[in-house]
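Examining the three-dimensional arrangement
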Amino acid sequence: TKCESGCVCADGLYENLDGRCVPAEECPCEYGGLAYGKGEQLHTECEICTCTKGKWKCVQKSKCSSTCSLYGEGHITTFDGQRFVFDGNCEYILAMDGCSVNRLVSSFKIVTENVICGKSGVTCSRSISIYLGNLTFILRDETFTISGKNPGVQYNVKKNALHLMFDVIIPGKYNMTLIWNKHMNFFIKISRETQETICGLCGNYNGNMKDDFETRSKYVASNELEFVNSWKENPLCGDVYFVVDPCSKNPYRKAWAEKTCSIINSQVFSACHNKVNRMPYYEACVRDSCGCDIGGDCECMCDAIAVYAMACLDKGICIDWRTPDFCRKF
């Protein structure tokens with residue numbers, strides 16, 4: 001649109017990120033603020049992308065996995081991407097199969113037990129039970145126990161400084177990776193070799209988030225609380241009737257929560273901002289930081305930020321955000 005003085009590349013050559021003129025075949029590709037050379041690949045959950053002439057060429061994987069996230073004080077993102085918050089003080093079914101009307105036997109069931117962790121009534125996921133036929137994993141108090149046996153299930157347990165990870169294979173049906181941060185965050189990553197129906201708070205995993213609020217009675221609830229109440233493991237627990245806003249109950253904590261959670265909006269995470277929408281994670285961080293008012297408030301805040309960091313990592317962007325003075329590794 002206008003002329004500018006300066007150097008240009010000769011015909012057929014293009015300027016790369018180092019300022020050198022190269023042929024189109026040598027052009028790099030950009031992702032998350034980083035440059036990738038010709039032929040380099042990025043692997044996401046569903047695609048393999050190869051850098052070709054400065055553009056990403058992506059191929060769908062034959063097996064595509066999806067992740068359900070339970071984090072902080074009752075935040076859930078379903079397999080299909082629906083988000084909601086609940087404050088129920090009960091055991092709830094996160095995910096199970098065998099949901100169809102003519103199939104009542106499940107090969108797996110994952111249950112979360114919530115306990116109150118703040119004066120405003122907010123709850124935190126503190127205990128996870130994983131039932132695989134006669135094999136049971138109980139995740140509680142920063143450790144786990146395994147009881148029973150199921151020769152039809154293969155599993156492997158891995159540990160690092162921050163997480164416990166369980167790789168579970170139900171041959172011919174599911175490959176699952178279960179990740180627990182030993183506190184409030186739990187992730188179910190699943191790929192399936194069958195079209196078996198899945199149900200629970202993690203939704204029905206059919207690619208459509210609009211019908212994720214499907215109740216145990218097989219109808220789509222008009223609101224998330226009706227949906228949540230239908231998935232109580234113990235019917236004697238009281239129903240949830242409203243969602244608490246901890247910051248309105250603890251306004252004196254709001255400024256601190258907004259200040260500490262602002263790292264999500266800062267330059268530290270800038271490489272991820274255009275890949276993962278940061279606002280739901282920032283709002284969840286503020287909410288949880290307001291709500292943890294009995295103790296462990298910094299732990300709640302760090303857990304919430306870690307969920308955004310993990311979402312960035314799923315997009316191939318690794319953020320080094322922990323420091324010795326801020327959410328340090330133990």
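Everything quoted here is computed from the prediction, not taken from an experiment.

**A word on the pairing of strand β19 (residues 186–192)**
β19 sits mainly inside the fold: six of its seven residues count as buried. Alignment of strand β8 (residues 66–71) against β19, held across five bridges, turns out to be antiparallel. Looking at the pairing, Thr67 lines up with Lys189 of β19. In the sheet, strand β18 (residues 174–180) pairs with β19 via seven bridges, with the strands oriented antiparallel. The partner of Asn175 across the bridge, within β19, is Ser191. Linking β18 to β19, which pair antiparallel, is a turn of five residues; within it Lys182 sits at a positive phi near 70 degrees.

**A closer look at the side chain of Asn181**
Tracing the chain through its elements places Asn181 in the loop between β18 and β19. Side-chain polar atoms of Asn181 contact the backbone nitrogen of Asn185, separated by 2.9 Å. A distance of 3.0 Å separates a polar atom in the side chain of Asn181 from a polar atom in the side chain of Asp303. Filtering out sequence-adjacent residues up to four positions away, Asn181 remains in contact with Leu162, His163 and Asp303.

**Points about the state of the cysteines**
Following the criterion strictly, the structure yields 10 disulfides and no others. Disulfide pairing is shown between Cys49 and Cys58; the S-S distance is 2.1 Å. Residues Cys49 and Cys58 are joined through a disulfide that is right-handed, its torsion about the S-S bond being 110 degrees. The exposure class assigned to Cys49 is buried, which follows from its relative accessible area of 7%. Overall, Cys58 belongs to the partly exposed group, its relative accessible area being 39%. A sulfur-sulfur distance of 2.0 Å marks the disulfide that ties Cys272 to Cys312.

**With respect to the domain arrangement of the chain**
For the chain, the domain assignment lists domain 1 (13–60), domain 2 (65–230) and domain 3 (246–315). A straight line from the C-alpha centre of domain 1 to that of domain 3 covers 32 Å.

**Notes on the sheet that holds strand β5 (residues 41–43)**
Here we have three strands laid out as an open sheet, ordered β5-β6-β7, and antiparallel in their pairing. Of all strands in the sheet, those with a lone pairing partner are β5 and β7 (55–60), marking the two edges. Adjacent strand axes in the sheet meet at a mean angle of 20 degrees, parallel and antiparallel pairs treated alike. Pairing of β5 with strand β6 (residues 47–52) involves three bridges; the strand directions are antiparallel. Each residue of the ladder has a partner; that of Leu42, found in β6, is Cys49.

**Topic: the pattern of salt bridges**
If you walk through the whole model with that rule in mind, you get six salt bridges. Between Lys38 and Glu26 there is a salt bridge, and its shortest N-O distance comes to 3.3 Å. Taken together, the residues Lys38 in the loop between β4 (34–36) and β5 and Glu26 in the loop between β2 (21–23) and β3 (29–31) connect sequence positions 12 residues apart. When its relative accessible area of 41% is taken as the criterion, Glu26 is described as partly exposed. Between Lys232 and Asp239 there is a salt bridge, with the nearest N and O atoms lying 2.5 Å from each other. Judged by its relative accessible area of 37%, Asp239 is partly exposed.

What counts and what doesn't
Residues numbered from 1 in each chain as written. Predicted model: local features only at pLDDT ≥ 70, side-chain atom pairs only at ≥ 80, totals over all residues. Heavy atoms only, no water. Buried < 20%, exposed > 50% of the residue type's maximum accessible area, 1.4 Å probe, protein only. Helix = DSSP H or I, 4+ residues; strand = E, 2+ residues; numbered from the N terminus. Pairing = 2+ DSSP bridges. Polar contact = N/O pair within 3.5 Å; in protein donor to acceptor, adjacent residues only side chain to side chain. Contact = heavy atoms within 4.5 Å. Disulfide = S-S within 2.5 Å. Domains from an automatic or database assignment. Axes fitted to C-alpha atoms, helices over the stretch in contact; angles between N-to-C directions. Salt bridge = Lys/Arg side-chain N within 4 Å of Asp/Glu carboxyl O.

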